[in-house]
Amino acid sequence: MVDMPVDTHCPYCALQCGTTLTPGGPDRVTVAPRQFPTNRGGLCRKGWTAPSVLSTPDRLTTPLLRRDGALRPVSWDRALDVVADGIGDAQAQAGRDAVGVFGGGGLTNEKAYQLGKFARVALGTSQIDYNGRFCMSSAAAAGSRAFGLDRGMPFPLSDLAGAEVVLLTGANTAETMPPMLKHLDTAQLVVIDPRRSLTAGWALDRGGVHLAPEPGTDLAVALGLLHVVIAEGWCDTAYVEARTSGFDEVRRAVASWWPERVERISGVGADALRRAAALLGAAHRGGGGVYVLSGRGVEQHATGTATVSALIDLALALGLPGTPGSGYGCITGQGNGQGGREHGQKSDQLPGYRKIDDPAAREHVAGVWGVDPADLPGPGRSAYELLDALATPSGPRALLVFGSNPAVSAPHAGHVTERLAALDLLVVADFVPSETAELADVVLPVTQWAEEEGTMTNLEGRVLRRRRAVDPPEGLRTDLEVLAGLAVRLGQPAERFPPDPQAVYDELCAASAGGLADYSGISRERLDAGEALFWPCPGPGHPGTPRLFTERFAHADGRARFGSADHDDVGPAERSDAEYPLRATTGRVLSHYQSGAQTRRSSELLAAAPEAFVEVHPETAAAVGLADETRARVVARRGATLATVRTDDSMRTDTVFIPFHFPGDERANLLTNPALDPVSRIPEFKACAVRLEPVSGPVNGHASDGSHCHSRALEVQP
Ligand code: SF4
């Protein structure tokens with residue numbers, strides 16, 4: 001039993017606020033914020049309440065096996081034998097790819113690495129992807145194309161404190177990661193968001209600008225801003241000539257995106273667009289710091305990569321990336337969304353941010369793993385395509401899920417739930433009975449954040465230590481121990497899949513050496529000594545790289561690439577019509593994280609946000625007989641969801657907003673469109689066509705007149 005205060009980090013978002021856990025208290029530990037560069041002594045309510053999930057009454061404590069339709073306790077040996085036998089049967093009948101793996105962006109670096117290796121070596125399957133594909137993959141694709149390297153923020157968050165203007169696109173930071181506002185409170189903010197989010201309201205209160213495009217038209221707005229910057233001569237021509245290529249093509253491509261055209265498509269006024277561009281241009285020309293930041297709101301679209309490319313082009317035209325005090329960055333969402341994609345969970349990547357179809361990368365990684373490069377599978381399906389293919393003639397018959405809850409978080413969730421239920425074998429490793437675990441044939445109870453050791457990589461590319469503060473409940477295993485037990489049953493030598501996180505991390509560092517995301521100099525000893533280490537860090541004496549691109553970009557010629565093309569069609573993949581006249585967009589609220597599997601188990605958080613709601617303009621609601629606090633059915637072509645109406649006269653009359661944290665028939669993702677971006681394969685979570693209908697009588701225990709408390713106060717707590 002650990003009995004001293006332990007410095008670690010919040011289990012939730014990519015800000016990875018620094019915390020100190022002290023054993024004892026009603027939730028097994030008490031949490032306190034600490035002075036750490038990302039949170040500067042602040043925590044949001046999710047961080048304050050995180051320990052409650054350690055002692056949640058429905059914590060999984062024993063392996064479960066489905067028999068006679070119900071999940072029943074079994075021994076670890078029995079559970080792992082069943083899983084190994086099921087894998088063997090599926091692969092004997094339909095080949096290696098008959099088994100798939102679905103990972104998570106909250107897994108530690110060690111787990112993400114080991115899961116990727118387990119899939120490629122122990123299972124020999126190409127069918128692995130993770131829920132990080134649903135998060136920032138458009139920004140990753142656009143960043144890789146432009147800069148030759150994707151690291152969410154290529155600078156420390158603290159650099160933002162010196163900014164004069166920040167363009168914040170598709171990010172409701174005031175609710176998703178409130179302590180980040182401390183880094184933004186001296187800058188003038190230009191916020192692009194279809195709704196007046198808490199962040200947009202905060203910006204307006206401080207003299208900032210809010211542009212509210214129709215959902216799915218961010219690309220038009222980004223191209224319009226770029227058009228104005230070029231047309232007004234605000235480009236940094238010396239920077240463009242010295243550090244970039246492809247500008248002339250982009251100048252031609254955006255020539256037709258004049259503000260009045262953007263206004264017709266997006267609803268953002270031409271004058272407001274010009275004012276926003278002028279703020280950016282004037283600040284940079286005056287020598288002030290300017291940042292362009294993107295979040296899920298602009299990335300989760302079938303045009304997500306194109307939109308982020310246009311925003312990066314805007315930043316390049318202004319001369320921001322790699323310039324001290326300015327830049328472009330993506331605000332990564334999930335706790336280890338950054339590390340999770342660097343170490344091999346993504347279907348097309350190997351550790352070190354290597355490409356799986358690169359012969360040199362395969363040879364290097366196979367050498368570390370002690371296998372023949374020819375035995376490594378090639379690229380597999382992306383996350384939604386993998387889920388969509390489950391239990392089809394060409395898709396996996398068995399699936400192993402680690403650290404994810406796709407029954408709630410995947411798009412077209414009704415269809416995904418059907419595919420999961422149709423599998424011959426669904427195995428879920430989790431610490432709570434998530435909605436996906438409830439569908440499983442085998443449930444494997446694992447440890448969680450405060451009970452385990454490892455590393456995480458935050459939104460800045462800073463590698464952090466996660467430390468064990470309390471012993472796990474008796475009978476649990478770590479994910480690494482689960483993978484070790486399965487690997488041996490699948491015929492692997494025990495030493496190839498060690499359960500010790502230190503051993504796995506050391507191997508991860510070796511596998512990453514020479515890759516884009518090179519961790520080989522970031523030893524656990526250096527992290528434990530308190531060094532601030534950002535990848536790439538190639539070797540023990542290297543100081544790490546807090547700021548990328550200051551001298552050159554990662555392409556062979558050292559230049560960044562402009563990437564925007566002209567676009568005939570910039571709207572959402574699914575259009576509104578008479579039957580579905582509104583646009584629904586989805587997002588997060590202050591009190592919940594991702595699918596809510598963890599935060600819905602905190603009584604405080606659940607009391608603050610107990611149910612799904614649909615935010616709508618009062619006129620739009622009244623037009624279909626709805627009023628504030630009544631229950632509504634939101635109907636899309638793929639399904640319907642239930643929510644309590646919240647009227648808000650700042651909403652666009654053509655748009656509704658629904659949070660996606662709630663289960664069952666309150667799942668926002670029953671509506672969402674799985675149309676995929678052609679490059680990143682991210683689904684279009686942020687725009688689908690819907691209509692609203694009243695619900696008469698009680699629904700799910702809710703009175704139709706509603707009487708539910710809710711809280712949307714701005715929260716930046718010390
Ligand atoms: Fe956790 Fe909140 Fe900090 Fe994110 S912002 S790491 S959820 S305390």
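Residues numbered from 1 in each chain as written. Predicted model: local features only at pLDDT ≥ 70, side-chain atom pairs only at ≥ 80, totals over all residues. Heavy atoms only, no water.

Caption draft 1: View of the sheet that holds strand β16 (residues 398–402). Read across the sheet, seven strands follow the order β5-β4-β18-β17-β16-β6-β7 without closing on themselves; strand pairing throughout is mixed. Of all strands in the sheet, those with a lone pairing partner are β5 (70–73) and β7 (128–130), marking the two edges. Neighbour-to-neighbour, the strand axes of the sheet open up by a mean angle of 20°, direction not taken into account. Packed onto the sheet, helix α2 (residues 76–94) meets β4 (64–67), β6 (99–103), β16, β17 (425–430) and β18 (442–445) and runs at close to 135° relative to β18. (Pairing = 2+ DSSP bridges. Helix = DSSP H or I, 4+ residues; strand = E, 2+ residues; numbered from the N terminus. Axes fitted to C-alpha atoms, helices over the stretch in contact; angles between N-to-C directions. Contact = heavy atoms within 4.5 Å.)

Caption draft 2: Region of interest: the layout of surface pockets. Roughly 530 Å³ of volume is contained in the largest pocket. Going through the elements one at a time, α4 (137–147), β15 (354–355) and α15 (359–369) are the ones with two or more residues in the lining of the largest pocket. Here the lining of the largest pocket takes five residues from α4, the largest share from any one element. Here the residues of the lining of the largest pocket are counted per class, giving 10 nonpolar, seven polar and eight charged. Each of domain 2 (64–135 + 340–445 + 478–500) and domain 3 (137–331) contributes no fewer than three residues to the lining of the largest pocket. When its volume is computed, the second largest pocket comes out at roughly 230 Å³. Around the second largest pocket, the lining comprises 15 residues; the ones closest to its centre are His9, Phe36, Leu527, Gly530 and Glu531. For the lining of the second largest pocket, the elements supplying multiple residues, two or more each, are β1 (6–9), β20 (463–466) and α21 (524–528). For the lining of the second largest pocket, the leading source of residues is β20, giving three residues. (1 Å grid on protein atoms, 1.4 Å probe; cavity = no way out; pocket = protein on both sides within 12 Å on 5 of 7 lines; lining within 4 Å. Points joined across faces, edges and corners; volume = space filled by probe spheres on them. Nonpolar A, V, L, I, M, F, W, Y, C, P; charged D, E, K, R; others polar. Domains from an automatic or database assignment.)

Caption draft 3: Seen up close, the state of the cysteines. A complete count under the given rule lists zero disulfides for this structure. The thiol of Cys537 is not disulfide-bonded; the next cysteine sulfur, from Cys509, is found 9.0 Å away. For Cys537, a relative accessible area of 0% gives the class buried. (Disulfide = S-S within 2.5 Å. Buried < 20%, exposed > 50% of the residue type's maximum accessible area, 1.4 Å probe, protein only.)

Caption draft 4: Structural context of the domain arrangement of the chain. The domain boundaries assigned to the chain delineate domain 1 (1–55 + 447–477), domain 2 (64–135 + 340–445 + 478–500), domain 3 (137–331) and domain 4 (582–694). Each of domain 1 and domain 2 was reduced to a C-alpha centroid, and the two centroids are 26 Å apart. Facing 13 residues of domain 1, the contacting portion of domain 2 comprises 16 residues. Both faces considered, domain 1 and domain 2 share a buried interface measuring about 1200 Å² in area, 50% of it formed by carbon and sulfur atoms. Per-residue buried area on domain 1 facing domain 2 is highest for Thr447, Thr455 and Arg477; these three make up 48% of the total on that side. (Buried area = accessible area lost by both parts, 1.4 Å probe.)

Caption draft 5: Seen up close, the side chain of Asp159. Its place among the elements puts Asp159 in the loop between α4 and β8 (163–169). Setting aside residues up to four positions removed in sequence, Asp159 forms contacts with Tyr291 and Arg547.

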